[in-house]
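Examining the three-dimensional arrangement
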Amino acid sequence: MSGLSLRRRLALTGAAAVIVALMLAAAGISAVFKTHVERRAIAELTVQLDQVLAGLVRAEDGLVLERAPADPRFARPYGGLYWQIRTDGQLLRSRSLWDMTLALPPDVLADGQAHTHRLPGPDGRPLLVLERSVTLPVRLGSGTARAAVAMDADDLQQARQAFVTDLAPYLIVLGLALIGAGWVQVALGLRPLRSLGARVAGLRAGRVARMGTDWPSEVVPLAAEIDALLDAQEADIARARTRAADLAHGLKTPLQALMGDAERLRAAGAPQAAAEIEDVVSAMRRVVDRELARARSAAAARTAKTPVAPVVRQLIAVLRRTPDGSRLHWTSDIDERLIAPLDAQDLAEALGALAENAARHARSRVQIAAQAGADSLRITVRDDGPGIPDARRDALTDRFARADQGGGHGLGLAIASDIAEAADGRLDLADARPGLSATLVLPAALGHEPKG
C-alpha cells in the first residue's frame, strides 16, 4: 500500500474492517439463531416426551402406548420424529424407527432428569435426542424406564442455513452503507489536508503570507511550525541581504579608489594599465550588482506583486534618453491588469537588463510585450538586431555564471535569469528572425490583477 494515497489507505482499511466485522456478526448471529432453534426444538421434544409418557398404559403382556403423539411423522417410517421407551424387560418404539433402536449412551439419570444427545439415526442422519429417566407408578408396574424422543438434526441445520441465506442480502446492503459512510467520513476528515496543501501553494505563489490559525486542532501545530519556519527563513534572508549590502558598500570605496588609480595611470601615460584596472573594476561592480539583485529578489519573491505596464512605460522613458535607446523606435503591448510576482525594483532591474541588452544590439526598434497564459506570465523583449547564434544562445541559457565573458550579452541576461529563478520562473532565449527574443516566464498565480 506504499503507493496509495492516505485517503485510499483509510478507505480501504475501513472497508476491510467493515467486511470483517460483518462476517463476525453473521457468524455470531448464526450461532445465536442455532442456539435459539435448538432451544425451541428441545422445548418441542419435551412436550412430545410428556405426551409419550402420558400415553403409557399397562396391558396383559406389558406396557403399551395407548395414545401416541398426534404428529404423523411418528407413524411414518424414517419420518423424522421418533420415540423409544426402554424398561427392565421391554422396549417400545415408534413406527418411524422401523427396525432401528436408539443407541442411548449409558447415562445415570436421577428420577425426572433429562439429557440431550446427538446420535446417529436412520440412514446415518444425525438426531437431536431428549431422554428422561422416570420411575413408573404402581399402575404401570413400578420400576424405572428410559424414555426418549428424537428429531432429525438436519432440519435444524437447514433452518440455520435458510436464516443465513435470508440474512445475507441485508448484511450486504448494511456493508455497502457502512463502507459508503466510511468514504464520506474519510473525505470530510481529510478535507483540511487538501486545504493545507492549497494554503502552502498560496504561500509559494505569494497569495498569502502565513498559514494562520484557522485549522482543526490536529493541524494547528503543523501550521504553526510552518509559520515559524517562514519567520526564521525571512530573518535569515534579511540578515543575508544586510550582509550583502554591507559587502557592496564596503567594496565601493576600494573600487572607487582603483578607478582613481586608473585615471592617474592614464594621465601618467600608461593607458593600457589603466584600461586593465578599469576592466577589473567594472567586472567586480557587475558581480556585486548581480549578487545584490539575487539577494533582494530571493527575499521578495514570495509576496511581491507589481503591475507590469507602469514599470515598462517608465523603463522605456528612461532608455529613450540614453545614446543607444534614443535612436530606436520603442513599442509596448501590455494589459494594464497584468501583475508580476516580483517587486517593482526587481522587475525594473530584470526588464532593464533585457531592454538595455536589446538597445545595444537593435538596428531600429525594440518591442516589449506581455501575455498571461493558463499557468504563466510571459514578458518578452524583442529586438531586430543580429541576434545570437544557436550555439552561443544555448551556452548563455545553460551557464549564466560565465555569460559575461564575451559577446556583450551575458551579464544582463544572467541578472534577469537570476531574478526570474528567484520567483520560480525562468528566462527563455529564442531567435526572433531578425534579432533576439528574451522572455521572462513567471508563475501565473498572480498573473492577473483581480477585477474590482
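Since this is a predicted model, take the numbers as computed values, not measurements.

Looking at unusual backbone geometry
You will see that Y78, though not glycine, has its phi angle at about 55°, which is positive. Tracing the sequence through the fold places Y78 in the loop between β2 (62-65) and β3 (81-87). Within the chain, W98 stands out as a residue other than glycine whose phi angle is a positive 55°. Among the secondary structure elements, W98 is positioned in the loop between β4 (91-93) and β5 (114-120).

Let's talk about the sheet that holds β5
An order of β4-β3-β7-β6-β5 is seen for the 5 strands of this open sheet, with the pairing classed as antiparallel. Each edge of the open sheet is held by one strand with a lone partner, namely β4 and β5. Averaged over all pairs of adjacent strands, the angle between their axes in this sheet comes to 20°, without regard to strand direction. In this sheet, strand β7 (residues 144-152) lies alongside β3 in antiparallel orientation, the contact comprising 7 bridges. Residue pairing in the sheet places R86 in a bridge with R146 of β7.

Quick look at the packing of helix α5 (residues 308-319) against helix α7 (residues 344-361)
Remark: α5 packs on α7, axes separated minimally by 10 Å, with the N-to-C direction vectors making an angle of 45°. By the angle between their axes, α5 is oblique relative to α7. Considering only the axes of α5 and α7, their crossing is right-handed. Mapping the contact onto sequence places V308, V311, V312, L315 and L319 in α5 and L347, A348, L351, G352, A355 and E356 in α7.

Notes on the nonpolar core
The biggest cluster of nonpolar side chains holds 40 residues, and the ones touching the most others in it are V308, I379 and L440. The residues contacting I379, other than those within four sequence positions of it, are V308, L347, L351, I368, A369, A370, A438, T439, L440 and L442. If you look at the next biggest cluster of nonpolar residues, it comprises 24 residues, including L63, I85, A145 and A147.

Some details on the packing of aromatic side chains
Per the counting criterion, the structure on display carries 1 aromatic pair. Ring geometry for F33 versus F163: centroids 4.1 Å apart, planes at 5°, classification stacked. Of the two residues, F33 is situated in helix α1 (residues 6-54) and F163 in helix α2 (residues 153-205); the sequence distance between them amounts to 130 residues.

What about the sheet that holds strand β13 (residues 426-431)?
Pairing is mixed in the open sheet, where 5 strands are placed in the order β9-β11-β12-β14-β13. The open sheet has two edge strands, β9 (329-333) and β13, and neither has a second partner. Strand-to-strand twist of the sheet, defined as the mean angle between neighbouring strand axes without regard to direction, takes the value 15°. Judged from the 6 bridges that link them, β13 and strand β14 (residues 436-443) form a sheet pairing that is antiparallel. In the sheet register, A430 faces β14, and the bridge partner there is S437. In the packing of α5 onto the sheet, contacts are made with β9, β11 (365-372) and β12 (376-383), and the angle to β9 comes to roughly 180°. On the sheet, α7 packs against β9, β11, β12, β13 and β14 and is oriented at approximately 25° with respect to β12.

Regarding the pairing of β11
Where β9 meets β11, 5 bridges bridge the pair, whose relative direction is parallel. If you follow T331 over to β11, its bridge partner there is Q367.

Description of the side chain of S94
For S94, the location among the structural elements is in the loop between β4 and β5. Within polar-contact distance, the side chain of S94 engages the side chain of S96 at 2.7 Å. In this structure S94 touches F74, L81, Y82 and W83, once residues within four positions along its chain are discounted.

The rules behind these values
Residues numbered from 1 in each chain as written. Predicted model: local features only at pLDDT ≥ 70, side-chain atom pairs only at ≥ 80, totals over all residues. Heavy atoms only, no water. Helix = DSSP H or I, 4+ residues; strand = E, 2+ residues; numbered from the N terminus. Pairing = 2+ DSSP bridges. Axes fitted to C-alpha atoms, helices over the stretch in contact; angles between N-to-C directions. Parallel < 35°, antiparallel > 145°, perpendicular 65-115°, else oblique. Left-handed = near helix turned anticlockwise from the far one by under 90°. Contact = heavy atoms within 4.5 Å. Core = buried A, V, L, I, M, F, W, Y, C linked by side-chain atoms within 4.5 Å. Buried < 20%, exposed > 50% of the residue type's maximum accessible area, 1.4 Å probe, protein only. Phe/Tyr/Trp six-rings, centres within 6.5 Å; stacked < 30°, edge-to-face > 60°. Polar contact = N/O pair within 3.5 Å; in protein donor to acceptor, adjacent residues only side chain to side chain.

Function cannot be inferred from these measures alone, as they are strictly geometric.
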